[in-house]
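Below, each chain spelled out in residue letters.
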Amino acid sequence: MNKLSNWLSVADASDFLGISQATLWNLKNSNTFVAGLHWLYVTGKLKSKVLFNVEAIRKWQIEQTIEAENAPLNAAKKIASYQELGAL
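Residues numbered from 1 in each chain as written. Predicted model: local features only at pLDDT ≥ 70, side-chain atom pairs only at ≥ 80, totals over all residues. Heavy atoms only, no water.

Sorry if this is basic, but what is going on with the packing of aromatic side chains here?
Aromatic rings in a pair are described by how distant their centres are and how their planes are angled relative to each other. Under the counting rule described, the total for this entry stands at three aromatic pairs. Considering the side-chain rings of Phe33 and Trp60, the 5.2 Å spacing of their centres and the 85 degrees angle between planes classify their relative orientation as edge-to-face. Remark: Trp60 occurs in helix H3 (residues 54-77) and Phe33 occurs in the loop between helix H2 (21-29) and strand S2 (39-41); sequence separation between them is 27 residues. The burial state of Phe33 is the same as that of Trp60; both residues are buried. (Phe/Tyr/Trp six-rings, centres within 6.5 Å; stacked < 30°, edge-to-face > 60°. Helix = DSSP H or I, 4+ residues; strand = E, 2+ residues; numbered from the N terminus. Buried < 20%, exposed > 50% of the residue type's maximum accessible area, 1.4 Å probe, protein only.)

Mind showing me how you'd approach the pattern of salt bridges here?
Working definition: two side chains of opposite charge can pair if their charged atoms are close together. Applying the stated criterion across every chain yields a total of one salt bridge. Ionic pairing is found between Lys59 and Glu55, a salt bridge with its closest N-O pair at 3.7 Å. Of this pair, Lys59 and Glu55 both sit in helix H3, four residues apart, roughly one helical turn. Residue Lys59 is classed as partly exposed on the basis of its relative accessible area, which comes to 48%. Classification of Glu55 by relative accessible area gives partly exposed; the value is 30%. (Salt bridge = Lys/Arg side-chain N within 4 Å of Asp/Glu carboxyl O.)

In this structure, what is going on with the packing of helix H1 (residues 10-17) against H2? I would like to understand it.
When two helices pack together, their arrangement is given by the angle between the helix axes and the distance between those axes. Direction vectors running N to C along H1 and H2 enclose 105 degrees, while the axes themselves pass 9 Å from each other. Here H1 is positioned roughly perpendicular relative to H2, judged by the angle of their axes. Touching Val10, Ala11, Ala13, Ser14 and Leu17 of H1 are Gln21, Leu24 and Trp25, all from H2. For the contact of H1 with H2, the residue count by class is six nonpolar, two polar and no charged. (Axes fitted to C-alpha atoms, helices over the stretch in contact; angles between N-to-C directions. Parallel < 35°, antiparallel > 145°, perpendicular 65-115°, else oblique. Contact = heavy atoms within 4.5 Å. Nonpolar A, V, L, I, M, F, W, Y, C, P; charged D, E, K, R; others polar.)

Could you clarify how one ought to interpret the pairing of strand S3 (residues 50-53) in this entry?
Regular strands place side chains that alternate from one sheet face to the opposite one. Here S3 shows two buried faces, one formed by Val50 and Phe52 and the other by Leu51 and Asn53. Direction of pairing for strand S1 (residues 7-8) relative to S3: antiparallel, over a ladder of two bridges. Across the sheet, residue Trp7 finds its bridge partner in S3, namely Asn53. The pairing of S2 with S3 spans three bridges and is antiparallel. When the bridges of S3 are listed, Leu40 appears paired with Leu51. (Pairing = 2+ DSSP bridges.)

I keep staring at the nonpolar core and nothing clicks. Help me out?
Most often, soluble globular proteins have nonpolar side chains that are buried together. Ala13, Leu17, Leu24, Phe33, Phe52 and Ile57 are the most contacted members of the largest nonpolar core, which totals 14 residues. Not counting residues within four places of it along the chain, the set of residues in contact with Leu17 comprises Leu24, Val54, Ile57, Arg58 and Gln61. (Core = buried A, V, L, I, M, F, W, Y, C linked by side-chain atoms within 4.5 Å.)

Remember that the coordinates give geometry; whether it matters functionally is a separate question.
What follows is the structure in structure tokens.
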């Protein structure tokens with residue numbers, strides 16, 4: 001996939017990424033996706049067609065997956081342990 005083909009319409013991005021169109025719009029509108037990185041206005045102006053950068057969004061999906069998988073371990077590390085102080 002060349003750099004220009006990374007930018008797809010919402011329908012094509014949805015199919016490519018396995019995310020519903022509604023979810024893509026919600027991630028954009030909630031500012032989870034960064035303008036210019038994950039999405040852009042084709043003309044650079046409000047109300048123009050929006051394209052989504054599937055390469056950047058795929059990286060975001062990977063980062064979110066890693067974070068979700070590591071969440072229990074990271075939470076466990078934050079639990080106070082008195083073992084180092086000689087308690088039980």
